[in-house]
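# Analysis of the macromolecular model
One-letter residues, chain by chain:
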Amino acid sequence: MNNPTRLRWGILGAARINERLLPAIVEADNAELVAIASRRPGAATETLAKYAPKPTGAQCYDNLDALLKDDDVQAVYLPMANQEHAEWALRAIEHRKHVLCEKPMALTIADIDAIEIAARRYNVKVMEGFMYRFHPQHQRVLELINAGLIGEIRSVRASYSFMMRPARLYRLADDTAHGGGAMWDIGCYAIHSLRLFFRQAPLAVSAVSKYVESGADSVTSGIVDFGDGRYGHFDFSFERARRCEYEIIGTHGGIKCHVVWQLPGDVPVISWWTEDGRQAEERLPYSNHFRLEIEHFSDCVLNNRDPALSLDDARANCRIIVAALQAAAEGRTVKI
């Protein structure tokens, strides 16, 4: 018997992100994992056995379309390759499935527009999967800013990196036009976190990149111009030690989030300082941002609420990413 207080989820792919995502669905208070599918024979069964913290009874499919045709599935999580997101999001929507799509939502604004049109037609909810935004540490940062602690924001720096391991080389197999490289993989986080603190639309972006043989970027740095001397600085790399932090500098002080990607065992730490000599380091309780993301989206579907991350938000992020890739490729500042 279906439980009306739990959203019934299917996972459309056996990607590595299931290590964190699959247990989050199983453990969420308002979600139930009922199916997982993969195009690789046996991969769905193997993934479920590996990452489910307890038996789930979920159906395993060796065919993605079979999951979409499963009437027991109400919502799907889509963790496929970046260039496949738009296609499979649209397929899921046409089967009247709600969609939580792993970032990036799509590689073009046109694809996001098409997803929105389909979502309205079939009356389903769609959200881009930036799990980090659901961690309480970012709400705490916003509280400090809104309290006037650091004054008016003038710059934000976002740095994300890790050393590329052989098992992850698939991230560099395609060029940037086809979703490969650091920008689409981790740079989207940097752009997204900059935008959290600059609420106005950007004016222009400049960037420089290092490319590998495939045409994918392995390192990119740049600046987003938000006008009136307000700049967002982004920097990300597959060739540096793990770093996932942002720092906000205002007219009266600064705030730093030390670990944006919270892994099991990480301690959420925020530090701040002001020009009048005050400073503090705040340690927050552990929170699983994947589980919080699943619970949020499930609540939106079950109670007909709008997701916190709208398709307008996805469009705004994509617009900057595309402009930054163009700026790096052409060696010039690109107006947005």
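### Things to note about the overall build of the protein chain
Broken down by element type, the protein chain carries nine helices and 15 strands. Scaling as 2.2 N^0.38, a compact globule of 336 residues should have a C-alpha radius of gyration of about 20 Å, and the protein chain matches this with 20 Å. If one aligns the C-alpha atoms of the protein chain with their principal axes, the spans along those axes are about 60 × 45 × 40 Å. The buried share among the 336 residues of the protein chain stands at 56%. When contacts within the protein chain are restricted to residue pairs at least 6 apart in sequence, long-range pairs at least 24 apart make up 69% of them.

### Observations concerning the packing of aromatic side chains
Taken as a whole, this structure holds 12 aromatic pairs when the rule is applied. With 5.8 Å between their ring centres and 55° between their planes, W9 and F297 make a pair best called tilted. A residue pair is termed long-range when its members are at least 10 positions apart, and W9 in strand β1 (residues 7-12) and F297 in helix α8 (residues 289-302) qualify at 288 residues. Assigned by exposure class, W9 and F297 land together as buried. When the centroid spacing of 5.5 Å and the interplanar angle of 80° are considered together, the rings of F130 and Y189 count as edge-to-face.

### Here we look at α8
Spanning 14 residues, α8 covers 20 Å between terminal C-alpha atoms, matching the ideal 20 Å at 1.5 Å per step. In this structure, the buried residues of α8 make contact with β1, α1 (18-27), β2 (31-37), β5 (98-102) and β6 (126-129). Where α8 starts, the residue carrying a side-chain oxygen 3.0 Å from the main-chain nitrogen of F290 turns out to be N288. N304 sits one or two positions beyond α8 and adopts a positive phi of about 50°.

### Side note on the layout of surface pockets
Of the voids in this model, the largest pocket is the one considered here, and its volume is about 1200 Å³. Lining the largest pocket are 43 residues, with R16, I17, Y170, R171 and D185 positioned closest to its centre. At the level of elements, α1, β7 (153-163), α7 (182-197) and α8 are the ones that each hand at least two residues to the lining of the largest pocket. Classifying every residue of the lining of the largest pocket by side-chain character gives 18 nonpolar, 11 polar and 14 charged. Looking at the second largest pocket, its volume works out to about 320 Å³.

### A closer look at the side chain of N18
Mapped onto the elements, N18 comes out in helix α1. Given the relative accessible area of 0%, N18 is considered buried. Of note is the side chain of N18, whose polar atom sits 3.0 Å from the backbone oxygen of G13. When near neighbours in sequence (up to four residues on either side) are disregarded, N18 contacts I11, G13, P23, T47 and Y51.

### Quick word on the sheet that holds strand β13 (residues 269-274)
The strands making up a sheet associate through backbone hydrogen bonding, with each pair oriented either parallel or antiparallel. The strand order β14-β13-β12-β11-β7-β10-β9-β8-β15 describes an open sheet built from nine strands, whose pairing is mixed. Edge strands, defined here as strands with exactly one partner in the open sheet, are β14 (279-283) and β15 (334-335). As paired strands, β13 and β14 are joined by five bridges and run antiparallel to one another. Each bridged residue has a counterpart across the sheet, and for S271 the counterpart in β14 is E281. Contacts between helix α6 (residues 136-146) and the sheet are confined to β7, β11 (239-250), β12 (253-257), β13 and β14, with β13 contributing the most and set at about 15° to the helix. This element, helix α9 (residues 311-330), spans β8 (204-211), β9 (217-225), β10 (231-237) and β15 of the sheet and lies at about 60° to β8.

### Some details on the pattern of salt bridges
Where charged atoms from two side chains of opposite charge approach closely, those side chains can pair. In the structure shown here, the tally under the stated rule is 27 salt bridges. Close ionic contact of D235 with R240 constitutes a salt bridge, the shortest N to O distance being 2.5 Å. Given the relative accessible area of 33%, R240 is considered partly exposed. Because the salt bridges share partners, they merge into one network encompassing D113, E116, R120, D312 and R315.

### Description of the environment of L48
Inspection of the secondary structure assignment puts L48 in helix α2 (residues 43-51). L48 gets classed as buried once you look at its relative accessible area, which sits at 12%. Residues L48 and A58, 10 residues apart in the sequence, show an inter-C-alpha distance of 8.2 Å. Sequence-distant contacts of L48, defined by excluding residues within four places in its chain, comprise L22, L33, I36, T56, A58 and C60.

Rules of the game
- Residues numbered from 1 in each chain as written.
- Predicted model: local features only at pLDDT ≥ 70, side-chain atom pairs only at ≥ 80, totals over all residues.
- Heavy atoms only, no water.
- Helix = DSSP H or I, 4+ residues; strand = E, 2+ residues; numbered from the N terminus.
- Rg over C-alpha atoms; globule rule 2.2 N^0.38 Å.
- Buried < 20%, exposed > 50% of the residue type's maximum accessible area, 1.4 Å probe, protein only.
- Contact = heavy atoms within 4.5 Å.
- Phe/Tyr/Trp six-rings, centres within 6.5 Å; stacked < 30°, edge-to-face > 60°.
- Expected span 1.5 Å × (residues − 1).
- Polar contact = N/O pair within 3.5 Å; in protein donor to acceptor, adjacent residues only side chain to side chain.
- 1 Å grid on protein atoms, 1.4 Å probe; cavity = no way out; pocket = protein on both sides within 12 Å on 5 of 7 lines; lining within 4 Å.
- Points joined across faces, edges and corners; volume = space filled by probe spheres on them.
- Nonpolar A, V, L, I, M, F, W, Y, C, P; charged D, E, K, R; others polar.
- Pairing = 2+ DSSP bridges.
- Axes fitted to C-alpha atoms, helices over the stretch in contact; angles between N-to-C directions.
- Salt bridge = Lys/Arg side-chain N within 4 Å of Asp/Glu carboxyl O.

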